[in-house]
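Given next are the chains, with one letter for each unit.
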Amino acid sequence: MKTKNFISNNAKTAIAIVTASVVTMMGMTACSADCEEDLLAPVPTMTRGGGPAPVSYVERSWDGKQVVSTVKTVTDYIELKGSDMTDYSSYELQSDKWYVVKSNFERCFINAPSGKPANLIICNGARVFAGVMIDEGDALNIYSQEGDGGELRATAADDRVNHWKYPGIGSRRTMGTLTIHGGKITAISKGIEEIAAIGGGNKGSGGKVTIYGGNITADGGDYGAGIGSGYGAYKMESLFDRRPRNDGGTLTIYGGNVTAKGGKYGAGIGGGIDANGATVTIYGGKVRATGGVDAAGIGSGEEQDVAPNIHGGSLTVYGGEVFADGTDWGAGIGGGEDADGAKVEIYGGSVTAWAGQDAGKKNGSAIGSEDGDGHRGSLKLGDNMKVWAGQNPSDADKHLFPFETRVPACFFRPYTRIVASR
């Protein structure tokens, strides 16, 4: 059994104060600081399933053109049930095992295993209330049933004594691997600084996240991304060359509905403050990413003087609907304030990008950097992509740009809509 050391007995009261404020907003019961039980004590309410009661689930995959859903069943599983939010209970999932939630399951934390991933099925009508810890090297697969009626609500935790903070889903440092096949997944880190909602903690990178379906909502804490990294850290290449140490990780979206909002100075999808953006690839689904103050919708957070040379990572779109909204001095797609743009390639689907607004005026680039000049990154468009651009949606509707001026239109205007011709 892997032991999580981030919570000490002396730290329980400090965590309860912060966790209670977050879980109360979610309609949950907060963990109590009065319990003396061990954090990793066995959970007596679990039962083992058997052959006469198989459980169905939906496994989703990508066939090169679309998401394919296959209904499968499992008969050898552990059922998770019951409510125990009074003892800082944390359940350790085991590698290559199956777990099923048929009604409600409440714990302060669920810990993903290292090695082969654990598999969690949330049945229709069932709810899981727990923060999900996925440290670097850990892995978890989440499944739903047909209709995506199962729900996971994951809230962040703050150990103020040991100065460790865990995202709603992720790690206090760099996140491991998460694959979502379906369900309603809500991750909340709002109210706790320096961490993403799904991804890394303070000075940590985002993980490897793959989404095939479901409804995913991520609300990052201040200085952290919605999906991606937490607060940035930098390394010294030389006295005059400081570069970021962490980034937003890797995010691949094949389907589903994904909504990600960065905390103050953090990107919706990508980097927290002073961290590079993520490597994002979108094949389908509907994605909406909104940056926090001075951050990009998809890309990087704000760059401070202490950590120069951050960039917006990369975004490749083959299909789906993508909406990226920067805030204040953030690009729609690319760099937050003072940061460089991203490497962007769009070959299909539709992409809408809108730069942030400050003092009543739209600033910077729909795609690129804060001011549309300097290190704006790169943009490559498929031959079939049409570009409308302008100061706002109604203005853009009047301006369909010809092939040879499509790219500069996105760099030098705050709003753009890029759509594959049919």
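For the structure, check the block above.
Report follows, based on the coordinates. Here the structure is a predicted model, which is why all the values come from computation and not from measurement.

## A word on the overall build of the protein
Reasoning step 1: Of regular secondary structure, the protein possesses three helices and 41 strands.
Reasoning step 2: Contacts spanning at least 24 positions in sequence make up 70% of the contacts within the protein whose residues lie at least 6 apart.

## Quick word on the packing of aromatic side chains
Reasoning step 1: Under the defined criterion, the tally for this structure stands at 13 aromatic pairs.
Reasoning step 2: Judged by centre distance (5.4 Å) and plane angle (45 degrees), the ring pair of Trp62 and Tyr283 falls under tilted. With a gap of 221 residues between them, Trp62 in strand β2 (residues 55–62) and Tyr283 in the loop between β27 (279–282) and β28 (286–290) connect regions that are remote in the sequence.
Reasoning step 3: Seen from their ring centres, Tyr91 and Tyr99 are 5.8 Å apart, and the 75 degrees between their planes marks the pair as edge-to-face. Judged on exposure class, the residue Tyr91 and its partner Tyr99 are both buried.

## A word on the nonpolar core
One recurring pattern in soluble globular proteins: nonpolar side chains tend to sit buried together.
Reasoning step 1: Grouped together as the largest cluster of nonpolar side chains are 68 residues, with contacts concentrated most on Leu140, Ile169, Leu178, Ile198 and Ile346.
Reasoning step 2: When sequence neighbours within four positions are dropped, the list of residues in contact with Ile169 reads Val132, Ile134, Leu152, Ala154, Met175, Leu178, Ile185, Ala187, Ala197, Ile198 and Gly199.
Reasoning step 3: Counting nine residues, the second largest nonpolar core, distinct from the first, contains Val74, Tyr77, Ile121 and Tyr143.

## Things to note about the environment of Asp294
Reasoning step 1: Structurally, the position occupied by Asp294 is in the loop between β28 and β29 (298–299).
Reasoning step 2: Judged by relative accessible area, which is 9%, Asp294 ranks as buried.
Reasoning step 3: When the C-alpha positions of Asp294 and Gly336 are compared, they lie 5.7 Å apart, and in sequence the two are 42 residues distant.
Reasoning step 4: What Asp294 contacts, discounting residues up to four positions off in sequence, is Tyr265, Gly301, Glu302, Thr327, Asp328, Trp329, Gly330, Gly336 and Glu337.
Reasoning step 5: Separated by 3.3 Å, the side chain of Asp294 and the backbone nitrogen of Trp329 make a polar contact.

## Quick look at the pattern of salt bridges
Reasoning step 1: The final tally for this structure, using the stated rule, is eight salt bridges.
Reasoning step 2: A salt bridge links Glu151 to Arg153, with the shortest nitrogen-to-oxygen separation between them at 2.4 Å. With respect to burial, Glu151 and Arg153 carry one shared label: buried.
Reasoning step 3: With its nearest N and O atoms 3.9 Å apart, the salt bridge here joins Lys343 to Glu345.
Reasoning step 4: Overlapping salt bridges bring together Arg127, Glu151 and Arg153 as one network.

## So, the pairing of strand β11 (residues 139–144)
Reasoning step 1: Counting buried positions along β11 yields six of six residues, so the element is predominantly enclosed.
Reasoning step 2: With burial as the criterion, each face of β11 is covered, one bearing Ala139, Asn141 and Tyr143 and the other bearing Leu140, Ile142 and Ser144.
Reasoning step 3: Relative to β11, strand β9 (residues 118–122) runs parallel, the two sharing five bridges. When the bridges of β11 are listed, Leu120 appears paired with Ile142.
Reasoning step 4: Direction of pairing for β11 relative to strand β16 (residues 177–180): parallel, over a ladder of four bridges. Each residue of the ladder has a partner; that of Ala139, found in β16, is Thr177.

## Section: unusual backbone geometry
Reasoning step 1: One non-glycine residue with positive phi stands out, namely Lys203, at about 70 degrees.
Reasoning step 2: By the element assignment, Lys203 lies in the loop between β18 (198–199) and β19 (208–211).
Reasoning step 3: We note that Asp294 has phi near 60 degrees; this positive angle belongs to a residue other than glycine.

## Observations regarding the environment of Gly191
Reasoning step 1: Along the chain, Gly191 falls in the loop between β17 (184–188) and β18.
Reasoning step 2: In sequence terms Gly191 and Asp219 are 28 residues apart; their C-alpha atoms lie 9.8 Å from each other.

Quick notes on the rules
- Residues numbered from 1 in each chain as written.
- Predicted model: local features only at pLDDT ≥ 70, side-chain atom pairs only at ≥ 80, totals over all residues.
- Heavy atoms only, no water.
- Helix = DSSP H or I, 4+ residues; strand = E, 2+ residues; numbered from the N terminus.
- Contact = heavy atoms within 4.5 Å.
- Phe/Tyr/Trp six-rings, centres within 6.5 Å; stacked < 30°, edge-to-face > 60°.
- Buried < 20%, exposed > 50% of the residue type's maximum accessible area, 1.4 Å probe, protein only.
- Core = buried A, V, L, I, M, F, W, Y, C linked by side-chain atoms within 4.5 Å.
- Polar contact = N/O pair within 3.5 Å; in protein donor to acceptor, adjacent residues only side chain to side chain.
- Salt bridge = Lys/Arg side-chain N within 4 Å of Asp/Glu carboxyl O.
- Pairing = 2+ DSSP bridges.

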